[in-house]
Amino acid sequence: MDAIRWEGNTLYLLDQTKLPVTEVWLPYTDYRPVADAIRTMVVRGAPAIGVAAAYAYCLAALAGEGLDEAKETLAASRPTAVNLFWALERMERKAKECGGAAEPLIAEAKAIHAEDVAMCRAMGAHGAAVVPEHARILTHCNAGALATGGYGTALGVIRAAHEAGKVNMVYCDETRPLLQGARLTAYELVSDHIPATLIADNMAASLMAKGKIDLAVVGCDRMAANGDFANKIGTYSVAVNAHYHGIPFYVALPCSTIDLSLADGSGIPIEERDRDEVRTLYGTRTAPESVEVCNPAFDVTPHSLVTGIITEKGVIYPPFQENLQKLFG
């Protein structure tokens, strides 16, 4: 399963706002609509946003447009996921090496894409080792093939564990207000014939209390140097509940998602999204139009609630700050 394709100097994105009802691939030959696609969550998930932005940078080069302006426009599309900025900076370095020529830039974007898939598969292999036999796993939001170049981070761990015969059931939170767990994670699990049960976000603690969850694993949009990390809103609640019930809580991410420039999670910018995402559901109003709304897209989970950090280089355990620094040499 994939959500991003490059064919004939055209970028194709699977419109994730239409899933799971219809599968629609949208073509892009201009970087500006790609920025809009990132902003409106046609493509979403930290690694996938980085890959899409790298290809969009190539579209600017093919059109002979200003690469600085393209980078600025794409970087402004969403503020929290660090992979977006990491990918654009890598493309900018390549542009300086090759004088902005399109073909070397396309090769670099393809390399970013391929490396992301390889990292996810390595992450899956490392993560599967911490999954117990007959595991009942809880995950939140979507950190699968749709959120990456392919295979997935948290769902990559689940996929690898399922391939090893270790998964009894995956419980996926629906993930209000945009239902990425219900629309996307459940879609991926069902498509791959992985046992799945969809639950409302407010059911997780009850299942934990009943002894029905053995492990929680989630994705990440940005991690600070001490192991604090931002992920889809509601992740913090999962971590608190897992900690209270003595359930291992893991976060899976590529090293490109770790931002050592931030000492802790307080420095991670949190995107505030449109209020009508909470007031409405698929165009149907579910709350008074005049009611005030708080709609942060992400929350920050403190490292003290994390059992381990699953990366393509292995699983990192506390003390996180020291061990994350060692990871980067």
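This is a predicted model, so every value here is computed, not measured. (Residues numbered from 1 in each chain as written. Predicted model: local features only at pLDDT ≥ 70, side-chain atom pairs only at ≥ 80, totals over all residues. Heavy atoms only, no water.)

Quick look at the packing of helix H1 (residues 31-39) against helix H2 (residues 46-62) now. At their nearest, the axes of H1 and H2 sit 8 Å apart, and the two run at 165 degrees to each other. In terms of orientation, H1 lies roughly antiparallel with respect to H2. In the packing of H1 onto H2, the handedness of the crossing is left-handed. Contacts between H1 and H2 involve Tyr31, Val34 and Ile38 from the first element and Ile49, Ala52, Ala53, Ala56, Leu59 and Ala60 from the second. Broken down by class, the residue content of the contact of H1 with H2 amounts to 9 nonpolar, no polar and no charged. (Axes fitted to C-alpha atoms, helices over the stretch in contact; angles between N-to-C directions. Helix = DSSP H or I, 4+ residues; strand = E, 2+ residues; numbered from the N terminus. Parallel < 35°, antiparallel > 145°, perpendicular 65-115°, else oblique. Left-handed = near helix turned anticlockwise from the far one by under 90°. Contact = heavy atoms within 4.5 Å. Nonpolar A, V, L, I, M, F, W, Y, C, P; charged D, E, K, R; others polar.)

Per the UniProt record, "active site" (unreviewed entry) is found at Asp221. Structurally, the position occupied by Asp221 is in the loop between strand S7 (215-218) and strand S8 (222-224). (UniProt positions renumbered as here; feature names shortened; annotations may be inferred.)

This paragraph deals with the sheet that holds strand S3 (residues 25-28). Sheet strands pair by backbone hydrogen bonding; their relative direction is either parallel or antiparallel. Taken in spatial order, the 3 strands of this open sheet run S1-S2-S3, and their pairing is antiparallel. The open sheet has two edge strands, strand S1 (4-7) and S3, and neither has a second partner. Neighbouring strand axes in the sheet, compared pairwise and without regard to direction, differ in orientation by 25 degrees on average. The pairing of S1 with strand S2 (residues 10-14) spans 4 bridges and is antiparallel. The residue bridging Arg5 from the neighbouring strand is Tyr12, located in S2. Relative to the sheet, H2 contacts S1, S2 and S3, its axis offset from that of S1 by approximately 25 degrees. (Pairing = 2+ DSSP bridges.)

Looking at the secondary structure, you find Asp299 in strand S14 (residues 298-301). Exposure remark for Asp299: the relative accessible area of 12% places this residue in the buried category. Sequence separation of Asp299 and Met41 is 258 residues, and the distance between their C-alpha atoms is 18 Å. What Asp299 contacts, discounting residues up to four positions off in sequence, is Phe229, Ala230, Asn231, Lys232, Ile233, Gly234, Thr235 and Tyr236. Of note is the side chain of Asp299, whose polar atom sits 2.8 Å from the backbone nitrogen of Gly234. Separated by 3.3 Å, the side chain of Asp299 and the backbone nitrogen of Tyr236 make a polar contact. (Buried < 20%, exposed > 50% of the residue type's maximum accessible area, 1.4 Å probe, protein only. Polar contact = N/O pair within 3.5 Å; in protein donor to acceptor, adjacent residues only side chain to side chain.)

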